[in-house]
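Here are the chains, one letter per residue:
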Amino acid sequence: MWRRTRDLVAGILIGSLLMGIWVSAKAESGTDLSSVVPFSAQALWLMKQTRSLLETYHVDGDKPADEKKMLYGAVRGILQAWGDPYTRFLDPAQLKEEEIEVQGEYGGLGIYIAQKDGRTLVISPIEGTPADRAGLKPNDEIVKIGEEVILGWDQDRVVKTLRGPAGSGVTIWIRREKEERLLKFELKRENISLKTVKLEKMNTSVAYIRLSFFNEKTSEEMKKALAQANAMKASGIVLDLRNNPGGLLNAATEIVDMFVDEGIIVGMKGRFERANEVIHATKGTQTRLPMVVLVNEGSASASEIVSGALKDLKRAKVIGKKTFGKGSVQTLFHLSDGSAMFITIARYYTPSGLVIDHVGLKPDIVVEGEPVKDHKKDAQLQKALQELKKIPGKQTN
């Protein structure tokens, strides 16, 4: 014991001496310490002490933790200290998974989540996936995965645990409003291939377009759907953004631009020039058919941009329930070792100047209910069809 204590004290003394020599050298060379290290000398010394104490006294100190794991843990700690669940770190493996999702295919349950007030919430299940078929709903809180309580887990860890090879099983426990007990869901993972736009003809002439997510393929899929709507001589469009968790900003603005040919689509306000941007519509549209937009508490981020712009520009009436309220913009910054981080660089506002972050978008007409597969029993959709009839007749391109 005396030997280990002696070694620790010696290490601390040597470390202090080296730190002092290094700081002095930097001072003599005229280099500001804060320009070359992320923390003060005292803070760096605290980190050094922590590692030395762990390696000296921890029961498994002779098997030190992986250097990269400690580094990544420190980076995640820095980001978490900002208190923003959307500013997050991705190691190289997590970054690859994120890129796969944006491209439109991955193995998992088909569920979008977000963290709010320290809780992991379902934004929405993806239509036709295991999560959707099992009956998961927006605002369900995930409490346990298997036998592990996920309190304190970051979002990336939750996502990684929920995903896995097709055919493998996972059990999740949900806390749902108005339910006294936790709900247990036993699910089997599948290959999730995302087709983001789905067109269906309703009431002989209405084009019902379900937009489930915004990824790299969304714009082209929407152009095809609108071309089909025009070809079938549709009299109007119902754009369903319910349970759409968002996605790529540029995909959202491109969708709005298909329906309007002038005005602001979205504005962004941040702390530097690039983050302060106003995106305008361009001349020409894909269709001028009258339209109604459906939203609910599962409509977030990019879907709030689309519904907010179409509402403010008087292009469409918005029907349903107040949206999720995720009104911030994240940019991906790649780091030198292949890892990356998403940083919230701005909050967006609708054409009328409304900031949606943590507030949500209130629809023109509030209708309770939720999406159901039997359209005749879908109260929100039926209200949308009624309102569509009130808009002056079919417009031509």
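Worth saying up front: this structure is predicted, and the values here are computed from it rather than measured. (Residues numbered from 1 in each chain as written. Predicted model: local features only at pLDDT ≥ 70, side-chain atom pairs only at ≥ 80, totals over all residues. Heavy atoms only, no water.)

### A short note on the packing of helix 8 (residues 249-257) against helix 9 (residues 302-312)
The condition is simple: The angle between two axes is taken between their N-to-C directions and runs from 0 to 180 degrees, where each axis is a line fitted to C-alpha atoms and a helix contributes only its stretch in contact. Secondary structure elements follow DSSP: runs of H or I of four or more residues count as helices, runs of E of two or more count as strands, with numbering from the N terminus. Note on terminology: angles under 35 degrees are roughly parallel, angles over 145 are roughly antiparallel, angles of 65 to 115 are roughly perpendicular, and the others are oblique. Two helices crossing with the near one rotated counterclockwise from the far one by less than a right angle form a left-handed crossing, whereas a clockwise rotation gives a right-handed crossing. Residues are treated as being in contact if the distance between any of their heavy atoms lies within 4.5 Å. Just so you know the grouping, Ala, Val, Leu, Ile, Met, Phe, Trp, Tyr, Cys and Pro go in nonpolar, Asp, Glu, Lys and Arg go in charged, and all remaining residues, Gly too, go in polar.
Put simply, helix 8 and helix 9 touch, their axes get as near as 9 Å, and they point 25 degrees apart. Accordingly, the angle class assigned to the pair helix 8 and helix 9 is roughly parallel. Classified by chirality, the crossing of helix 9 by helix 8 is right-handed. Residues Leu249, Ala252, Ile255 and Val256 of helix 8 touch helix 9, and the partners they reach there are Ala302, Ile305, Val306, Ala309 and Leu310. Residues that form the contact of helix 8 with helix 9 fall into these classes: nine nonpolar, no polar and no charged.

### Description of the sheet that holds strand 10 (residues 197-202)
How we decide: For two strands to count as paired, DSSP must find a minimum of two bridges between them.
Reading across the sheet, the six strands line up as 10-11-12-15-16-19 and stay open at both edges, with mixed pairing between neighbours. What marks the edges here is a single partner per strand, and that holds for strand 10 and strand 19 (365-366). Bridge count for strand 11 (residues 206-211) against strand 12 (residues 236-240) is five bridges, and the pairing is parallel. Within strand 12, the position partnered with Arg210 by the bridge is Asp240. Sitting on the sheet, helix 10 (residues 379-390) is in contact with strand 10, strand 11, strand 12, strand 15 (291-295), strand 16 (316-320) and strand 19, with an inclination near 160 degrees to strand 15.

### Considerations on the pattern of salt bridges
Test applied: In what follows, salt bridge is the name for a side-chain nitrogen of Lys or Arg lying within 4 Å of a carboxyl oxygen of Asp or Glu. The buried label applies to any residue whose accessible area, calculated with a 1.4 Å probe on protein chains only, is under 20% of its type's maximum; exposed applies above 50%, and partly exposed to all values in between.
Evaluation of the coordinates by the stated rule reveals 27 salt bridges. A salt bridge links Arg119 to Glu141, with the nearest nitrogen and oxygen atoms 3.8 Å apart. Placement of the pair is Arg119 in strand 4 (residues 119-125) and Glu141 in strand 5 (residues 141-145), with a sequence separation of 22 residues. Linking Arg242 and Asp378 is a salt bridge whose minimum nitrogen-to-oxygen distance equals 2.8 Å. Pair noted here: Arg242 is in the loop between strand 12 and helix 8 and Asp378 is in the loop between strand 19 and helix 10, with a separation of 136 residues, a long-range link. For Arg242, a relative accessible area of 1% corresponds to the buried category.

### Things to note about helix 7 (residues 218-231)
Our working definition: One less than the residue count of a helix, multiplied by 1.5 Å, gives the span that helix is expected to have. To be clear, the arc concerns the directions from the helix axis to the C-beta atoms.
The end-to-end C-alpha distance of helix 7, which contains 14 residues, comes to 20 Å, matching closely the 20 Å that a straight helix rising 1.5 Å per residue would cover. Buried residues of helix 7: Thr218, Ser219, Glu221, Met222, Ala225, Leu226 and Ala229, and no others. Angular distribution of buried residues about the axis of helix 7 spans 160 degrees; they occupy a single face of the element. Opposite the packed face of helix 7, turned more than 90 degrees from it, sit the exposed residues Lys224 and Ala231.

### Regarding the side chain of Asp132
In this structure, Asp132 sits in helix 5 (residues 130-134). A residue is classified by how much of its surface remains accessible, and Asp132, at 18% relative accessible area, is buried. The residues touching Asp132, leaving out its near neighbours within four places in the chain, are Pro125, Ile126, Glu127 and Lys373.

### Examining the packing of aromatic side chains
Note the threshold: We call Phe, Tyr and Trp rings a pair once their centres come within 6.5 Å, taking the six-membered ring for Trp, and we label the pair stacked below 30 degrees between planes, edge-to-face above 60, and tilted otherwise.
Under the counting rule described, the total for this entry stands at two aromatic pairs. A centroid spacing of 5.0 Å and a plane angle of 55 degrees characterise the contact between Tyr72 and Phe89, whose relative ring orientation is tilted. With a gap of 17 residues between them, Tyr72 in helix 3 (residues 67-80) and Phe89 in strand 1 (residues 88-90) connect regions that are remote in the sequence. Measuring from ring centre to ring centre gives 4.8 Å for Tyr112 and Phe213, while their planes differ by 15 degrees; the resulting arrangement is stacked. Of this pair, Tyr112 sits in strand 3 (residues 111-116) while Phe213 sits in the loop between strand 11 and helix 7, placing them 101 residues apart in sequence. Phe213 sits in the buried class, given a relative accessible area of 8%.

### As for the environment of Arg189
Applied cut-off: Whenever two N or O atoms come within 3.5 Å, that pair is a polar contact, provided that in protein one can donate a hydrogen and the other can accept it, and provided that, for residues adjacent in sequence, both atoms are side-chain atoms.
Position of Arg189 relative to the elements: it lies in the loop between strand 8 (183-188) and strand 9 (190-193). You can call Arg189 buried: its relative accessible area is 9%. When near neighbours in sequence (up to four residues on either side) are disregarded, Arg189 contacts Gly108, Leu109, Thr161, Leu162, Arg163, Gly164, Pro165, Ala166, Gly167, Ser168, Gly169 and Val170. A polar atom in the side chain of Arg189 sits 3.3 Å from the backbone oxygen of Gly169.

### Topic: the nonpolar core
The condition that has to hold: For the purposes of this section, nonpolar cores are sets of buried Ala, Val, Leu, Ile, Met, Phe, Trp, Tyr and Cys residues that join through side-chain atoms within 4.5 Å.
Counting residues in hydrophobic clusters, the biggest one holds 43 residues, and the most contacted among them are Phe214, Met222, Leu239, Val293, Val306 and Leu310. Per element, the largest residue contribution to this core is five residues, and it comes from helix 9. In this structure, Val306 is in contact with Phe214, Leu239, Leu241, Ala252, Ile255 and Val256, ignoring residues within four places of it in sequence. Counting residues in each nonpolar core, the second largest holds 17 residues, with Ile111, Trp153, Leu162 and Leu187 among its members.

### Some thoughts on the pairing of strand 13 (residues 264-270)
Sheet topology note: the strand 13/strand 14 (residues 277-280) ladder contains four bridges and is antiparallel. Paired with Gly267 across the strands is Val278, a residue of strand 14. Hairpin connection from strand 13 to strand 14: six residues lie between these consecutive antiparallel strands. Relative to strand 18 (residues 340-349), strand 13 runs antiparallel, the two sharing four bridges. When the bridges of strand 18 are listed, Gly267 appears paired with Tyr349.

### Looking at helix 9
Most of helix 9 is tucked away: nine of the eleven residues are buried. For helix 9, the set of buried residues is Ala302, Ser303, Glu304, Ile305, Val306, Ser307, Gly308, Ala309 and Leu310. At its buried positions, helix 9 is contacted by strand 12, helix 8, strand 13, strand 15, strand 16 and strand 18. Where helix 9 ends, the next residue or the one after it, Lys314, has phi of about 60 degrees, a positive value.

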